[in-house]
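Now for the letters of each chain:
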Amino acid sequence: MKKFLCFLVLPFVLLLGLGAQGVSAEEPYLGYFKDSMQELIDLNILRGVPVNGGIDYKPDETITRLEFSILMLRVLDQEDIEITKVTNFKDVKKTDWFYEAVQRAAQLKITSGKSDGTFAPKEHVTREQIASMMNNVLEQKGIVLPEGDISTFSDYKKVSSYAGTSMKRIVGARILAGTNNKLNPQGDADRGMTSAFLVRMLDVLKKGEKPVSPKYYVGTATATETVKGKEYPSFADAKAAATGANQVVLKDNKIIYMKKGQVTNSSLSAILDIKDKSVSGSTLIGLEKGTAAEYIESDEHSVKVKFGKRTGFVKMENALLIPEIQVKGRSYYKVTKGYIYHYTFNSFTNTYYAPYKYGKSDSDMPEGEYYSDNGSTYTNKTDGKKYTAYQYFNMMPLYTKTSYTAEELNNFVKENKPDWIKTEVVLETMGNKFKAIEAEHNINAMYLLAHAIHETKWGTNEKALVRNNLFGIGAQDGTDGLIEFDSYDECLDTLVFNLITKKEDNYFLESSYRYHEAFLGNKDLGMNVFYATDPYWGQKIAGFMNQIDEKLGGKERNKYDIAITLVENAKTKVRKTPTVPLDHSNILYQLKWTGTPVLVLDTVVTEKEGTWLEVVPKNIEGVEYSSKAYMYSHGGPASHGEKNMGRIELAK
C-alpha cells in the first residue's frame, strides 16, 4: 500500500535524480516490467534515487504528467535544447525547478497542456494522454502510424475525442495494449508499465519510417497451397468477398479468416493459450504446440476456437489457421482386441505420434476407428454411429485408496518395465513412499506411480532423475523450467503441496483457481485442465493405471460404479442422509462442476423421495467425514423447497 506522504514527496525526484550508474548494494526491484525498465535504465532515460545504499526506481508507483514529459525529452535526446518559444501555463512559474522542462516539452509539441490553460505537472498521466504525447512525438519525427481498430475493446467509447486518433495509432502499433478487453483510457499508468510503452515506442523510432499498412487479399485454398487473389482495402471488404467454401482472407501472407478448419500454434507461440471472453481475458486452457482446436470464427486480431466443451479466443498472431481442405490429419482412437489406443496428430508438423494404450473397450463399440473430443463419447469414422465408453481410471476420484501394497507396486515396475530398460530404476523402490502419502493425505498411491511412470519414462528420463523430479513439476512448454530438488522426498513433499496444501492454486480443493475436481480428466474437467498443456496427459496416466491394475489382478477397475453430476451451472449437494430437509442441515459439501465423477457404494430407494446413491465421501487433507454420503439420483419430487436438487447418473 502506498504511503500518502511519500507519494507527495517522491514523484519528481524518483525519475529525475541520480542516473542508473550509481552504485547499488543489491539488485534493484524492477517489478513485472523489469526488462523494459532495465533497458531504459541502460539508456540513461530512466533514473532513480539512492535508498539504503541502492537505487530505487519505484516500478509500481504512478507517473505524473511532468515525469512523462521529461522522459519523452530524453527519448528524443532533447533534454537540453535551447528554449526559443515560451508558453505561459497558469500553474508553472519561472521559479519552478521544472520550468525549463515544461517549456521544452511544449516547444517540441510533446504536449500543449490542458484546455484550461494549465500544465498540471503533478497530475497523474492517463493512458490516453500517453498515447496522445507519443503520437505527437512520432509525428514530429515524420512517422505517421496507421490507425488500428479499437472497437474490439469494450470501453473504446470512453476514449476522449482529442485522443481518438492517437489511441488508434498507438494501439494499432502495439505500443499500448489493453487489459481484460479494456483500454482503460482514463486509467493511470505506473512506472513499470510506462517503461514498456516507451521501449515499444523506441523500437518504432529506430525504424525511422512509416510502417507499411497491411494488405488484404481473398485467396483460394487447395490441398497443397493457398493462391492469393484480389486485393481489398480492408478486412471487412475481403471477408465479404470470400464467399466460396475454400476461400480465405489473408492479411499480407497470413490466413486470418476461413470458413472451416483447424487452429493450432503459430511459430510465435509455445502453446495455444485459449482465453475466455476475449484475448485479454482469463485463460481457459493451454494446449501444447501442434494440438488442433476447431475453428469457429475470426477477425483481424483474434480467433474463436473450440476444444472439447470449451470455447474461447486466441490471439491471431499466435494462431495458425489451417483450412479444412489443407488438414492433413486428425487425432483418433482405434478399438482393437478389446483395447482402446489413441493416435494423436501434430497439426504443426503434420505427423502422427506412436499410439498410447488408453484402456479397455468393454462397451458395445465394434473394432474400428473413432473420433472423440473427450475420450468418453466416440463417433465411428465409417458409419457415424455414436458410443459412450468412460474409462474408469480417467474418471476415478484420486482421493480413494488403492488396495495394492507397496511391494506390489514395486513389483509391477520390476516385472513390466519395457524390455529396453536393462537396469533397476528408482520407481522399483518408491512403493513405500507412495503408500505413506496415501495413508496421510488420501492421494491414491497407484495414481502416484502412474504419474511418475509417465513423467519419467519409467524412471529413465535423465533430466528428471538428475533433478530428483518425478512428476514434471515446473516443466513449461518452450522452457527448461523443470525444478531441481535435493531429494525425492522433497519432490514428493512439493507434489503434495501443489495438489492439496497450496491454498491459492492447488488441484484438489475448491479454494484454488486450478481446481477442476480431483480426478485426472481432460481439458473439459479434472487435473488435466491446468496441470499439463498436453490435452491427453490425464488419459495417458489413466492408461498406466489400467496397466498396473491389470497386471496386479484387476482388483481396482470397476471396483465401484462411477456416477457423474448432471445439472448445468449449479452446485450439486452431497448429504448426510438420503433426504432433503428444508433447513439444509444435512449437507456435507457441494460439488462445483457439472460432469464431476463420484464413486457409488450403494443405491437407496425411498418411497417419498425416489432414488439416492450412497457415494464415497471426499476425505482429503485431514477431512474425514464420519457419516455416510448421499446424492440424489432420480424418481422423487422435482423440488423439496430447493430450486435444484443436483442430480447425478451412472457413467456406463
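Residues numbered from 1 in each chain as written. Predicted model: local features only at pLDDT ≥ 70, side-chain atom pairs only at ≥ 80, totals over all residues. Heavy atoms only, no water.

**Details of the overall build of the protein**
Across its full length, the protein carries 17 helices and 28 strands. Burial status across the protein gives 51% buried among its 652 residues. Of the roughly 31,000 Å² that the protein leaves accessible, carbon and sulfur atoms contribute 49%. (Helix = DSSP H or I, 4+ residues; strand = E, 2+ residues; numbered from the N terminus. Buried < 20%, exposed > 50% of the residue type's maximum accessible area, 1.4 Å probe, protein only. Areas by Shrake-Rupley, 256 points an atom, 1.4 Å probe, with all protein chains shown as cover.)

**Here's the deal with the environment of Met37**
Along the chain, Met37 falls in helix H3 (residues 34-42). On the basis of relative accessibility, which here comes to 0%, the residue Met37 falls in the buried class. Considered as a pair, Met37 and Tyr57 are 20 residues apart in the sequence and their alpha carbons are 8.7 Å apart. Discounting chain neighbours no more than four positions away, the residues touching Met37 are Leu30, Leu46, Tyr57, Pro59, Gly192 and Ser195. (Contact = heavy atoms within 4.5 Å.)

**A few points about the sheet that holds strand S6 (residues 254-257)**
Taken together, four strands build an open sheet; the order of strands is S4-S3-S5-S6 and the sheet is antiparallel. Unpaired on one side and paired on the other, strand S4 (226-232) and S6 mark the two borders of the sheet. In this sheet, neighbouring strand axes are inclined to one another by 45° on average, regardless of whether the strands run parallel or antiparallel. Pairing geometry for strand S3 (residues 216-221) and strand S5 (residues 247-251), over five bridges, is antiparallel. Counted as the bridge partner of Tyr216 is Lys251 from S5. (Pairing = 2+ DSSP bridges. Axes fitted to C-alpha atoms, helices over the stretch in contact; angles between N-to-C directions.)

**Some points on the sheet that holds strand S19 (residues 368-371)**
Ordered in space as S18-S15-S14-S19-S20-S21, the six strands form an open sheet in which the pairing is antiparallel. Edge positions in the open sheet fall to strand S18 (356-360) and strand S21 (386-388), since each of these has one partner strand only. Pairwise comparison of adjacent strand axes, ignoring direction, gives a mean angle of 35° for this sheet. Pairing of strand S14 (residues 332-336) with strand S15 (residues 339-343) involves five bridges; the strand directions are antiparallel. Paired with Thr336 across the two strands is Tyr339, which belongs to S15. Across the face of the sheet, helix H17 (residues 537-551) comes into contact with S14, S15 and S18 while running at roughly 60° to S18.

**Quick notes on the pairing of S4**
Residues in a regular strand project their side chains so that they alternate between the two faces of the sheet. Bridging between S3 and S4 involves five bridges; their strand directions are antiparallel. Within the sheet, the bridge partner assigned to Gly219 lies in S4 and is Lys228. Connecting S3 to the antiparallel partner S4 that follows it, the hairpin turn spans four residues.

**Here we look at the confidence of the model for the protein**
Considering every residue of the protein, the mean pLDDT works out to 85; 90% of them sit at 70 or more. pLDDT under 50 marks residues 1-25. Its contacts with residues more than four places away, or in other chains, come to 59 contacts. This stretch, residues 636-647, has a pLDDT under 50; its non-local contacts, to residues over four places away or in other chains, come to 32 contacts. (pLDDT = per-residue confidence, 0-100.)

**As for helix H15 (residues 488-501)**
For H15, built from 14 residues, the straight-helix expectation of 20 Å at 1.5 Å per residue is met to within 8% by its first-to-last C-alpha distance of 18 Å. Buried residues of H15: Tyr488, Cys491, Leu492, Thr494, Leu495, Val496, Asn498, Leu499 and Ile500, and no others. (Expected span 1.5 Å × (residues − 1).)

**What to know about the pattern of salt bridges**
Considering all chains together, one arrives at 17 salt bridges under this definition. For Glu79, the salt bridge is made with Arg47, and the minimal N-O distance between the two is 3.7 Å. Pair noted here: Glu79 is in the loop between helix H4 (65-75) and helix H5 (99-107) and Arg47 is in the loop between H3 and strand S1 (49-51), with a separation of 32 residues, a long-range link. The class for Arg47 is buried, based on a relative accessible area of 16%. We note a salt bridge from Glu123 to Lys114, for which the minimum N-O separation is 2.7 Å. (Salt bridge = Lys/Arg side-chain N within 4 Å of Asp/Glu carboxyl O.)

**So, the side chain of Glu67**
Topologically, Glu67 is positioned in helix H4. Take Glu67: its relative accessible area is 0%, and that puts it in the buried class. In this structure the side chain of Glu67 is engaged in a polar contact, spanning 3.0 Å, whose partner is the side chain of Arg191. (Polar contact = N/O pair within 3.5 Å; in protein donor to acceptor, adjacent residues only side chain to side chain.)

**Digging into the packing of helix H11 (residues 406-416) against helix H13 (residues 445-456)**
Interhelical geometry of H11 versus H13 gives an angle of 25° and a closest axis separation of 10 Å. Classified by the angle their axes make, H11 and H13 are roughly parallel. You can see that H11 and H13 cross each other, and the crossing is right-handed. Taking contact as the criterion, the partners of Leu409, Phe412 and Val413 in H11 are, on H13, Ala445, Met446, Leu449 and Ile453. Of the residues in the contact of H11 with H13, the class split is seven nonpolar, no polar and no charged. (Parallel < 35°, antiparallel > 145°, perpendicular 65-115°, else oblique. Left-handed = near helix turned anticlockwise from the far one by under 90°. Nonpolar A, V, L, I, M, F, W, Y, C, P; charged D, E, K, R; others polar.)

**Some words on the packing of aromatic side chains**
Tallied over the full model, the rule gives 18 aromatic pairs. An angle of 85° between the planes, with centres 5.9 Å apart, marks the rings of Trp458 and Phe544 as edge-to-face. Placement of the pair is Trp458 in the loop between H13 and helix H14 (462-466) and Phe544 in helix H17, with a sequence separation of 86 residues. Of the two residues examined, Trp458 and Phe544, each falls in the buried class. Ring geometry for Trp612 against Tyr632: centres 5.3 Å apart, planes inclined by 75°, an arrangement best described as edge-to-face. On the criterion of sequence distance, the pair formed by Trp612 in strand S26 (residues 610-615) and Tyr632 in strand S27 (residues 629-635) is long-range, its members being 20 residues apart. Looking at Tyr632, the relative accessible area reads 4%, which means it is buried. Each member of the aromatic cluster is reached from another via a ring pair, and the members are Tyr333, Tyr358, Tyr370, Tyr378 and Tyr387. Directly above the ring of Tyr217 sits Lys228, whose terminal nitrogen or CZ lies 4.4 Å from the centroid. The ring of Tyr371 carries the charged tip of Arg330 above its face, separated from the ring centre by 3.8 Å. (Phe/Tyr/Trp six-rings, centres within 6.5 Å; stacked < 30°, edge-to-face > 60°. Lys NZ or Arg CZ within 6 Å of the ring centre and 35° of its normal.)

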